[in-house]
Amino acid sequence: MEHSFLHSKKILLVDDETELRKLVIDILSDDGFANIIEADSVQTGISSAMHEKPDLAILDVMLPDGDGFSLMKELRTFTDIPIIFLTAKDEAADKLAGLGLGADDYVVKPFLPQELLLRVHAVLRRCYKLDSPLLELEGCTIDFSRAEVNKNGNIIALTAKEHAMLKTLSRNEGRIVSIDALCEALWGDNPFGYENSLNAHIRRIREKIETNPSKPVSLITIKGLGYKLVVRK
């Protein structure tokens, strides 16, 4: 059941090398992925992502009209899908840069088919719950499909910004999400100057999801770094 769930996800592959695209598509198709969109540049990648709404993007670092990092920044202005970078063996700095900017993983070229599949499966499994859009926290349940919180039987609506923030935090459950990354998720490519607004959103979210907002157990502040979401296991 899990494999069919993963294989139903739509993948955007952005690489300007025809042979490498064919290799990746063959690997994914042979595993059971049937919905793969190809693009060969930053611009076609943005256009494809806007129109096709993929669930995962695999981006090459080097592209003819820019690079994978600039493409990721553009994608982050309208989608929070997970991103895997394809990077050459001698591009260690690129790997670190990609992960620092918020990429979910990277695969070093040349790679074995099984390695690529393991990483794709792991990222999809981490970012998309098999059951659906419900997230269980201590004392409440978030339903992302309805943008609602169920807190002891009381239904509380989430605003679009609260929904986007919780989505970003849930994709990184148990891990610290920086203030800059949260501001970028909410306000796009120029997130500077929004920290006070972010703090106000954090307060309102805690009022909706925490039993005692002044002593949060789900949305935790990591002083000087950012925030993390603690999910009930």
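The numbering scheme is per chain: residues are counted from 1 as the chain's sequence reads. Local features in this predicted model are restricted to residues of pLDDT 70 or higher, and side-chain atom pairs are both shown and tallied only at a pLDDT of 80 or more, whereas totals for entire chains, interfaces and linings draw on every residue. The side-chain quantities take in all heavy atoms of the structure and omit both hydrogens and water.

### Focus on the sheet that holds strand β9 (residues 140–143)
- Note: two strands are recorded as paired if DSSP finds a minimum of 2 bridges between them. Runs of E in the DSSP output that reach at least two residues are strands. Runs of H or I that reach at least four are helices, and both are numbered from the N terminus. Pairing in this open sheet of four strands is antiparallel, and the strands run β8-β9-β10-β11 from one edge to the other. Edge strands, defined here as strands with exactly one partner in the open sheet, are β8 (134–137) and β11 (154–157). Pairs of neighbouring strands in the sheet enclose a mean axial angle of 20 degrees, with direction left out of account.
- Any pair of residues with heavy atoms lying within 4.5 Å of one another is described as a contacting pair. Only the stretch in contact is used when a helix axis is fitted, and all axes are lines through C-alpha atoms; the angle between N-to-C directions ranges over 0 to 180 degrees. Helix α9 (residues 195–209) contacts β8, β9, β10 (148–151) and β11 of the sheet and is inclined by roughly 45 degrees relative to β10.

### Here's the deal with helix α3 (residues 42–52)
- Working definition: with a 1.4 Å probe on protein chains only, accessible area under 20% of the residue-type maximum means buried, over 50% means exposed, and in between means partly exposed. Within α3, the full set of buried residues consists of V42, G45, I46, S48 and A49. Taken around the axis of α3, the buried residues stretch over an arc of 165 degrees, which confines them to a single face. Seen from the open side of α3, the exposed residues pointing more than 90 degrees away from its buried face are Q43 and H51.
- Along its buried surface, α3 packs onto β1 (11–14), β2 (36–39), β4 (62–63), β5 (66–67) and α4 (68–75). Taking the helix axis as origin, the arc is that swept by the directions to the C-beta atoms.

### Comments concerning the nonpolar core
- Here, nonpolar core refers to any group of buried Ala, Val, Leu, Ile, Met, Phe, Trp, Tyr and Cys residues whose side-chain atoms link them within 4.5 Å. Ranked by internal contacts, the top residues of the largest apolar core, which has 41 residues, are L59 and V120.
- For this core, the elements supplying multiple residues, two or more each, are β1, α2 (18–31), β2, α3, β3 (56–60), α4, β6 (83–88) and α6 (113–127).
- Looking at which element gives the most residues to this core, the answer is α6, with six residues.
- Excluding anything up to four places from it in sequence, V120 contacts I11, L28, F33, L56, I58 and I84.

### A few points about the confidence of the model for the chain
- A score from 0 to 100, pLDDT tells how confident the predictor is in each residue. Mean pLDDT over the chain stands at 86; residues scoring 70 or higher make up 88%.
- Mean pLDDT across the elements of the chain ranges from a minimum in helix α5 (residues 92–100), with 60, to a maximum in β1, with 97.

### A closer look at α9
- One less than the number of residues in a helix, times 1.5 Å, gives the span that helix is expected to have. Over its 15 residues, α9 runs 21 Å from end to end, which matches the ideal 21 Å to within 8%, given 1.5 Å per residue.
- Looking at α9, one finds that the buried residues are L198, A200, H201, I202, I205, R206, K208 and I209.

### Thoughts on unusual backbone geometry
- Omega for the bond connecting K109 with P110 falls within 30 degrees of zero, at -5 degrees, which places this linkage in the cis form.
- Despite not being glycine, A147 has its phi angle at roughly 55 degrees, a positive value.
- One non-glycine residue, N152, lies in positive phi territory at about 55 degrees.
- Within the secondary structure, N152 is located in the loop between β10 and β11.

### A short note on the sheet that holds β6
- With parallel pairing, five strands are arranged side by side in an open sheet as β2-β1-β3-β6-β7. The open sheet terminates on both sides in strands that have one partner only, identified here as β2 and β7 (105–109). Neighbour-to-neighbour, the strand axes of this sheet turn through a mean angle of 20 degrees, independent of strand direction.
- Note: β6 against β7, five bridges, orientation parallel. Following the sheet pairing, F85 is matched in β7 by Y106.
- The strands touched by α2 within the sheet are β1, β2, β3, β6 and β7, with β2 carrying the most contacts at an inclination of about 175 degrees.
- Its contacts with the sheet place α3 against β1 and β2, and it is angled at close to 150 degrees to β2.

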